[in-house]
Amino acid sequence: MKEHQLKEIDEKDLLLGYQQSYKTQQGRVWRRRHGSAGVAALSVTLLCLASLGYLGRRKVTATSGASDVLNWSPCPDVTETLCAYLPVPMNYHDPRPNETVSLALRKLPATAPVKDRLGSLFINPGGPGGSGTSLVVRAGLQLSVILEGRYDILSWDPRAVNLTSPALNCFETVGDANRFDHDLEHVGLPYEYRGGEFGGQSNMSNAAELAWTAKLDAFQSALNGACEARGHELLLRSASTAFVVKDMVSILDALGEEKLNYWGFSYGTILGATFAAMEPDRVQRLILDGVSSAALYTANMFEWGRSGMDDTEKTYAGFFDSCAESGPKGCALATNSSSTLSIRKRVDALQAQLRSRPLAVPTSKVGPGILTSADIQYSIFHALYSPKTWPKLAEALADLEKGNGSLLFELVNASNDELGRKDPFKNPYHRSMESSSASTAAIMCSDTDVSAFNQSTTESISDYVRELSRKSITGEIWAMWVTTCRYWSHKAIETYRGPWTVADGLRKTNFPVLFFSMTADPVTPLSAARSMSEGFGNQSATLLIQNGFGHCSLAHPSLCSAKAARAYFLEGKVPEYGTTCDADPGFLFPHPNDEKKDMAALSAEDEKLSVALEGLSREVRSFGLRPPHLRLRG
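Residues numbered from 1 in each chain as written. Predicted model: local features only at pLDDT ≥ 70, side-chain atom pairs only at ≥ 80, totals over all residues. Heavy atoms only, no water.

**A short note on the overall build of the protein**
1) Next: Looking only at helices and strands, one finds 22 helices and 14 strands in the protein.
2) Next: Out of the 634 residues belonging to the protein, those deemed buried represent 62%.
3) Next: A separation of at least 24 residues holds for 80% of the contacts in the protein among residues at least 6 apart in sequence.
4) Next: Accessible surface, the protein: about 22900 Å² in total, of which carbon and sulfur atoms supply 51%. (Helix = DSSP H or I, 4+ residues; strand = E, 2+ residues; numbered from the N terminus. Buried < 20%, exposed > 50% of the residue type's maximum accessible area, 1.4 Å probe, protein only. Contact = heavy atoms within 4.5 Å. Areas by Shrake-Rupley, 256 points an atom, 1.4 Å probe, with all protein chains shown as cover.)

**Concerning the pairing of strand β4 (residues 82-89)**
1) Next: As paired strands, strand β3 (residues 73-74) and β4 are joined by two bridges and run antiparallel to one another. The partner of serine 73 across the bridge, within β4, is cysteine 83. (Pairing = 2+ DSSP bridges.)

**Let's talk about the pairing of strand β6 (residues 120-124)**
1) Next: For β6, the buried fraction is high: five of the five residues fall into the buried class.
2) Next: With burial as the criterion, each face of β6 is covered, one bearing Ser120, Phe122 and Asn124 and the other bearing Leu121 and Ile123.
3) Next: Pairing analysis gives three bridges linking β6 to strand β7 (residues 152-157), with the strands arranged parallel. Across the sheet, the residue bridging to leucine 121 is isoleucine 153, located in β7.
4) Next: Handedness of the crossover joining β6 and β7 through helix α3 (residues 132-146): right-handed.
5) Next: As judged from the three bridges shared by β6 and strand β8 (residues 260-265), these two strands associate in the parallel manner. Its bridge partner lying in β8, phenylalanine 122 is registered against tyrosine 262. (Right-handed = clockwise from strand over helix to strand, strands pointing away.)

**Focus: the state of the cysteines**
1) Next: Within this structure, the stated rule accounts for five disulfides.
2) Next: Sulfur-sulfur distance for the disulfide between cysteine 445 and cysteine 485 comes to 2.1 Å. Looking along the S-S bond of the cysteine 445-cysteine 485 disulfide, the torsion reads about -85°, which is the left-handed sense. With cysteine 445 in helix α16 (residues 437-447) and cysteine 485 in the loop between α18 (475-482) and β12 (513-520), this residue pair connects regions lying 40 residues apart in the sequence. In this pair, the class of cysteine 445 matches that of cysteine 485, namely buried.
3) Next: Each disulfide in the protein links cysteines that, numbered along the sequence, combine into the pattern 1-2, 3-4, 5-6, 7-8, 9-10. (Disulfide = S-S within 2.5 Å.)

**Points about the sheet that holds β6**
Sheet strands pair via backbone hydrogen bonds, and the direction of the pair is either parallel or antiparallel.
1) Next: Spatial ordering of the open sheet is given by β3-β4-β5-β7-β6-β8-β9-β12-β13-β14, a layout of ten strands whose pairing is mixed. At either end of the open sheet lies a strand with only one pairing partner, and these are β3 and β14 (579-582).
2) Next: Across three bridges, the pairing between strand β9 (residues 283-289) and β12 is parallel. The residue of β12 that forms the bridge with leucine 288 is phenylalanine 515.
3) Next: Across the face of the sheet, α3 comes into contact with β5 (100-108), β6, β7 and β8 while running at roughly 165° to β7. (Axes fitted to C-alpha atoms, helices over the stretch in contact; angles between N-to-C directions.)

**Observations concerning the pattern of salt bridges**
1) Next: Per the counting criterion, the structure on display carries 26 salt bridges.
2) Next: The salt bridge involving arginine 566 is made with glutamate 148; its shortest N-O contact spans 3.7 Å. On the criterion of sequence distance, the pair formed by arginine 566 in helix α20 (residues 559-571) and glutamate 148 in the loop between α3 and β7 is long-range, its members being 418 residues apart.
3) Next: The class for arginine 566 is buried, based on a relative accessible area of 10%.
4) Next: On the accessibility criterion, glutamate 148 (37% relative accessible area) is partly exposed.
5) Next: The partner of arginine 344 in a salt bridge is glutamate 313, and the shortest N-O contact between them spans 2.7 Å. Of this pair, arginine 344 sits in helix α12 (residues 340-356) while glutamate 313 sits in helix α11 (residues 312-326), placing them 31 residues apart in sequence.
6) Next: Assessed through its relative accessible area of 22%, arginine 344 is described here as partly exposed. (Salt bridge = Lys/Arg side-chain N within 4 Å of Asp/Glu carboxyl O.)

**What to know about the nonpolar core**
Soluble, globular proteins show a tendency: their nonpolar side chains are buried together.
1) Next: Counting 96 residues, the largest nonpolar core has Phe122, Met248, Ile251, Trp478 and Phe515 as the members making the most contacts within it.
2) Next: In terms of residue count, the dominant contributor to this core is helix α7 (residues 241-255) (nine residues).
3) Next: With residues up to four places along the chain from it excluded, the contact list for isoleucine 251 reads Leu86, Leu103, Leu105, Phe122, Leu154 and Trp156.
4) Next: Listed in part, the 34 residues of the second largest apolar core include Trp263, Ile287, Leu554 and Leu616. (Core = buried A, V, L, I, M, F, W, Y, C linked by side-chain atoms within 4.5 Å.)

**A closer look at the environment of tyrosine 193**
1) Next: Tracing the sequence through the fold places tyrosine 193 in the loop between α4 (174-185) and α5 (206-230).
2) Next: Put simply, tyrosine 193 and alanine 208 are 15 residues apart on the chain and 7.2 Å apart in space, counted from C-alpha to C-alpha.

**Here's the deal with the packing of aromatic side chains**
1) Next: One pass over the full model with this rule turns up 25 aromatic pairs.
2) Next: Seen in terms of ring centroids, tryptophan 263 and phenylalanine 265 are 5.8 Å apart; in terms of plane orientation they differ by 25°. Their pairing is stacked. Assigned by exposure class, tryptophan 263 and phenylalanine 265 land together as buried.
3) Next: Among the aromatic residues, those joined into a cluster by ring pairs are Tyr151, Trp263, Phe265, Phe511, Tyr568 and Phe569.
4) Next: The cationic tip of lysine 107 hangs over the ring face of tryptophan 72; the distance from NZ or CZ to the ring centre is 4.3 Å.
5) Next: Above the ring of tyrosine 191, the side-chain terminus of arginine 355 is found at 4.3 Å from the ring centroid. (Phe/Tyr/Trp six-rings, centres within 6.5 Å; stacked < 30°, edge-to-face > 60°. Lys NZ or Arg CZ within 6 Å of the ring centre and 35° of its normal.)

**Description of the packing of α3 against helix α22 (residues 604-619)**
1) Next: Interhelical geometry of α3 versus α22 gives an angle of 150° and a closest axis separation of 9 Å. Put simply, α3 runs roughly antiparallel to α22. Of the two elements, α3 crosses α22, and the hand of that crossing is left-handed. Seen from α3, the contacting residues are Arg138, Ala139, Gln142, Leu143, Val145 and Ile146; seen from α22, they are Lys608, Leu609, Ala612, Leu613, Gly615, Leu616 and Glu619. (Parallel < 35°, antiparallel > 145°, perpendicular 65-115°, else oblique. Left-handed = near helix turned anticlockwise from the far one by under 90°.)

**Topic: the environment of alanine 112**
1) Next: The residue alanine 112 is located in the loop between β5 and β6 in this model.
2) Next: Sequence separation between alanine 112 and arginine 150 is 38 residues; the distance between their C-alpha atoms is 5.2 Å.
3) Next: What alanine 112 contacts, discounting residues up to four positions off in sequence, is Arg117, Glu148, Gly149 and Arg150.

**Brief notes about the confidence of the model for the protein**
1) Next: Taken as a whole, the protein shows an average pLDDT of 87; of its residues, 84% reach a score of 70 or greater.
2) Next: Contacts from residues 1-67, a stretch scored under 50 in pLDDT, to residues over four places away or in other chains number 142 contacts.
3) Next: This model gives residues 196-202 a pLDDT under 50, and the stretch forms twelve contacts once residues within four places in sequence are excluded. (pLDDT = per-residue confidence, 0-100.)

**Looking at the packing of α12 against helix α14 (residues 390-401)**
A pair of packed helices is characterised by two quantities: the angle between their axes and the separation of those axes.
1) Next: Contact pair α12 / α14: the axes reach a minimum separation of 11 Å and the direction vectors enclose 60°. One way to sum up the angle between α12 and α14 is to call them oblique. Considering only the axes of α12 and α14, their crossing is left-handed. On α14, the residues touching Arg346, Val347, Leu350 and Leu354 of α12 are Leu397, Leu400 and Glu401.
2) Next: Of the residues belonging to the contact of α12 with α14, the class tally is five nonpolar, no polar and two charged. (Nonpolar A, V, L, I, M, F, W, Y, C, P; charged D, E, K, R; others polar.)

Following this line, the structure appears as structure tokens:
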């Protein structure tokens, strides 16, 4: 590895800088998407870390130039992180000087003494289409705490995403992309036109259901048409997970690092599995957290969609169970005598009520409007990702039950100010920050075998939507994503679709991959983690199972899981296959002051770790797999 040029940064400045960063462009975006409560929550996390001694006492040594290729400098929005750009070939099979991609990189430097550092930890938030540079800002500090500051926390925007250029350019402005997604969401859901109990036999006429599906079809066709009309043709032919793996190799080479350390979430597990399959000798430490089935994703989107809903109902049941258990002190929907069943029946009744008669909302913080039953389902879909948000959802539903829909309407429309037709280059980087549903489609629809859609019709898609609706309350929303590729006509020139099992020829990795799975994850079920880890074989994989709810292990904090991750990354300790960790008690619908009592019982080291996990649990809503038209809800 080449000699690094070093500079010192005071850690107290790092803390203050993160707080000041909210005044920048990136901070304003964070506020818009998460609200003032979210900003306050992260500020509290930072202050708690400072009080626990993680910040403010030592010096941070940050690399200013890891190699001749990478020129690191303070990022213009969050200056306590370092940014660089790496030129890579647009097409690795036919590299040309005038056809390149400029990868946007960001890192939070390690804080441990130089002799204790372990290189870079690559992180990926999922998607496909999620911004890695944004993830470093949102989660880098807390991940660094878990790993004792021994890694540079590093990520990048994959090609066709955010700051990496050239932009995909399927939409003229960011507002156009956001309005397209907003309009698709407001098509509603078939449930709104269907009689009877949710998930039961539909009384909706075939004509009405097919009319809804025809609208969905038209949106999918329009997305493809937008990219045909103005999209970057070369980029559309080089946007796939296989190309992203090659970009990761280029980043490693530019850093002067031989092997990959990586923590990937949701779709990031597909990316990580693909890296391990294509580059098994360069695997150092890989945690794949919230495992999606790469085998199904690449072979058949319909089967992948069915798999994704395996544990959704279990997660949804956890919302009602924990609400009833907490009672009215912790859950606004609960009463002293309520049960799981009684609370669920009341929520079902609210959906049926809004299906028959939408609620007028004359005033709210985002203006007037109406609430529909689809709004309830979308709110539930997002809340299932992140149990930290369950009390707020319960409060909004309790208010709705009383005839006040303002709070739920504000939750549903939190991203309304993203709809203006803004220049995508108007930001501190002066580079396009376009991330759209086209980014997701470009990657996903190249990765998967679209022949699965060859025989699909509006009628068969309508049947599939109904099938998933019977499997899960969020099935209709999930089906909207699964069908994204039905009209997609752009294909990358290189993809990876297997093998995914040792029996089929998958090679042994340099070090075992650690698969992480929740027992109740709404979109990446335990069944996927089992099948993927078993496919990699006992020499290349192990599996840790966390009892809890939400999307990825960080959604429902577990000191046990965090310590297992720390031991894996820092000491190379591989947990036995099937090791089980419990989530920490008192997290779901906590009573006032309970969190302080629980914290008081912890050691100083566990308290520091717990504060970091608490901060990460607030960020999970922005991780992972979600229908592309719901990007702004994350």
